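Residue-level structure breakdown
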Amino acid sequence: MFVQSFGDWLYATPISSTFRVTTWIIPTVQSIHILAIAVVVGSALVSELRLASVLANDEPAGNVVRRYLPWLWRALVVLLLSGVVLIVAEPARTLGNTVFWAKMALVLFAFAATVLLRRPLLREDAPPAAKAISWLLLAVWIAVIFCGRFIAYT
Amino acid sequence: MTLQTTLQQIYDLPLSNAIRENVNAFPLLESLHVLAITLVFGTILIVDLRLVGYASHRRSTNRLITELLPFTWVAFGLAIISGGLLFASNAMAYAANTEFRLKLLMIAAAGINMAIFHVSTQRTIDQWDEDATPPFAARAAGVLSLLLWTAVIFLGRWIGFTLDVLF
């Protein structure tokens, strides 16, 4: 399998072994990864609950979403970069792991849904059923967190 | 009754034993714990940044606090319950772990910081509620809170690398 041989090659690279041998790197990068997911959760919570008309309904939804969207993107960049370091350090733990790929699919879905649906959801004539998408996105971020922790066990 | 016997009794509880014996229990509790701490940190971050002077979705700092604090408290409760169950499953090892002890210390410090803000700086909030930059005492409380909760997350992750696993 290509993924298998790529993982083996990555594992054998000097940078991969440096990440593993330097004992503080993995815990530090994992901590940064959790801080970044906390920023995603905080921004998503306020934005999605506003879109679902649960929170801060006296503020225009567009203002609330625009306030937190940059934080969501910045946090996702930090998650991507710290995540790459963790993959390089332990390729077998992630690349050969079904839960890891499920997590990637969920992140991609949440990212695409946020990018594509934000504008239509903010329109005055958005159907009430569209609010369900906000709840779905919150559920997806929670699933991402569960997948992230379960990668360590599968 | 010494601390060691209390810890042993906690470890011997049927609930603690069930967590040790069910392979999915520990990762599920850990996931809930991570979810809880991301909600705690995510909501506190928005409030702390507002205290430091970064705009949030609310001009009024007081409204922001009253709007987000219920989420923080519910999430903190979930973190205590999930964390307490993780602790019970391996009580002696956690109690002896330096990072775990430091983490509890940092949570206590964050609580004291919040209490001081509540009984002093927040009393005068009517005078600076909508100011873009709150007074020094509020900014200091915000920065300190961010540093302490960041330390809590780092120490929490570090426990996973330093704990003596007894089962």
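Residues numbered from 1 in each chain as written. Chains lettered and ligands numbered in written order. Predicted model: local features only at pLDDT ≥ 70, side-chain atom pairs only at ≥ 80, totals over all residues. Heavy atoms only, no water.

**What about the interface of chain A and chain B?**
- Every contact between the two is made by 31 residues of chain A and, on the other side, 31 residues of chain B.
- With both chains or domains summed, chain A and chain B bury close to 3000 Å², and 77% of this area falls on carbon and sulfur atoms.
- Among the residues of chain A in contact with chain B, Ile34, Leu35 and Arg149 of chain A are the three that bury the most area, contributing 18% of the side total.
- One can count 4 salt bridges joining chain A with chain B.
- Linking chain A to chain B there are 9 residue pairs in polar contact (both at pLDDT 80 or more).
- Of all the secondary structure elements, the ones that give two or more residues to the side of chain A that touches chain B are helix H3 (25-51), helix H4 (61-89) and helix H7 (131-150) of chain A. (Contact = heavy atoms within 4.5 Å. Buried area = accessible area lost by both parts, 1.4 Å probe. Salt bridge = Lys/Arg side-chain N within 4 Å of Asp/Glu carboxyl O. Polar contact = N/O pair within 3.5 Å; in protein donor to acceptor, adjacent residues only side chain to side chain. Helix = DSSP H or I, 4+ residues; strand = E, 2+ residues; numbered from the N terminus.)

**Remarks on the environment of Met106 of chain B**
Residue and element names in this part refer to chain B.
- Turning to its location among the elements, Met106 is positioned in helix H6 (residues 98-119).
- Overall, the relative accessible area of 23% leaves Met106 in the partly exposed class.
- For the pair Met106 and Ile153, spaced 47 residues apart in sequence, the C-alpha separation works out to 10.0 Å.
- Ignoring anything within four residues of it in the chain, the contact list for Met106 reads Leu148, Ala151, Val152 and Leu155. (Buried < 20%, exposed > 50% of the residue type's maximum accessible area, 1.4 Å probe, protein only.)

**Digging into a nonpolar patch on the surface**
Residue and element names in this part refer to chain A.
- Taken together, the side chains of Leu108, Phe111, Val115 and Leu116 make up a nonpolar region of the molecular surface, amounting to roughly 410 Å² of accessible area.
- Mapped onto the elements, Leu116 comes out in helix H6 (residues 98-122).
- Leu116 sits in the exposed class, given a relative accessible area of 63%. (Patch = residues over 30% accessible without salt bridge, like charges linked within 9 Å, V, L, I, M, F, W, Y side chains within 5 Å. Areas by Shrake-Rupley, 256 points an atom, 1.4 Å probe, with all protein chains shown as cover.)

**Topic: the packing of aromatic side chains**
- Counting across every chain of the model gives 9 aromatic pairs over all chains.
- Ring geometry for Phe76 of chain B against Trp149 of chain B: centres 6.3 Å apart, planes inclined by 85°, an arrangement best described as edge-to-face. Remark: Trp149 of chain B occurs in helix H8 (residues 136-162) and Phe76 of chain B occurs in helix H4 (residues 61-89); sequence separation between them is 73 residues.
- The exposure class assigned to Phe76 of chain B is partly exposed, which follows from its relative accessible area of 23%.
- Through pairs of rings, three or more aromatic residues link up here, namely Phe2, Phe6 and Trp9 of chain A.
- The ring of Trp71 of chain A has Arg74 of chain A sitting right over it, with the charged end atom 5.0 Å from the ring centre.
- Note that Arg20 of chain B overlies the ring of Tyr11 of chain B, its terminal NZ or CZ placed 3.7 Å from the centroid. (Phe/Tyr/Trp six-rings, centres within 6.5 Å; stacked < 30°, edge-to-face > 60°. Lys NZ or Arg CZ within 6 Å of the ring centre and 35° of its normal.)

**Comments concerning the pattern of salt bridges**
- The final tally for this structure, using the stated rule, is 7 salt bridges over all chains.
- Close ionic contact of Arg58 of chain B with Asp58 of chain A constitutes a salt bridge, the shortest N to O distance being 3.0 Å. With Arg58 of chain B in the loop between helix H3 (25-52) and H4 and Asp58 of chain A in the loop between H3 and H4, this pair bridges two chains.
- When the shortest N-O distance is used, the salt bridge between Arg93 of chain A and Glu90 of chain A registers 3.3 Å.
- Residue Arg93 of chain A is classed as partly exposed on the basis of its relative accessible area of 28%.

**As for the nonpolar core**
- In this structure, Trp141 of chain A together with Trp149 of chain B are the most contacted members of the largest nonpolar core, which totals 76 residues.
- Ranked by residues supplied to this core, first place goes to H3 of chain A with 16 residues.
- For Trp149 of chain B, the residues in contact, after removing those within four places along its chain, are Ile37, Val40, Phe41, Ile44, Phe76, Ile107 and Ala110 of chain B.
- In terms of nonpolar packing, the next biggest core, distinct from the first, is built from 16 residues, Ile19, Leu29, Ala93 and Tyr94 of chain B among them. (Core = buried A, V, L, I, M, F, W, Y, C linked by side-chain atoms within 4.5 Å.)

**Focus on unusual backbone geometry**
Residue and element names in this part refer to chain A.
- The phi angle at Ser53 is positive, at roughly 60°, despite the residue not being glycine.
- One can find Ser53 in the loop between H3 and H4.
- Positive phi, close to 50°, is recorded for Ala56, a residue that is not glycine.
- Tracing the backbone through its elements, the reader meets Ala56 in the loop between H3 and H4.

**A closer look at H7 of chain A**
- An ideal rise of 1.5 Å per residue puts 28 Å on 20 residues; H7 of chain A measures up with 29 Å between its terminal C-alpha atoms.
- Taken together, the buried positions of H7 of chain A are occupied by Ser134, Leu137, Leu138, Val140, Trp141, Val144, Ile145, Phe146, Cys147, Arg149 and Phe150 of chain A.
- At its buried positions, H7 of chain A is contacted by H3, H4, helix H5 (91-95) and H6 of chain A together with H3 and H8 of chain B. (Expected span 1.5 Å × (residues − 1).)

**Here's the deal with the packing of H6 of chain B against H8 of chain B**
Residue and element names in this part refer to chain B.
- Two elements in contact, H6 and H8, have axes whose closest approach is 8 Å; the angle formed by their N-to-C orientations is 160°. With respect to their mutual orientation, H6 and H8 come out roughly antiparallel. Here H6 runs over H8; the crossing is left-handed.
- The residue inventory of the contact of H6 with H8, partitioned by class, reads 17 nonpolar, 4 polar and 2 charged. (Axes fitted to C-alpha atoms, helices over the stretch in contact; angles between N-to-C directions. Parallel < 35°, antiparallel > 145°, perpendicular 65-115°, else oblique. Left-handed = near helix turned anticlockwise from the far one by under 90°. Nonpolar A, V, L, I, M, F, W, Y, C, P; charged D, E, K, R; others polar.)

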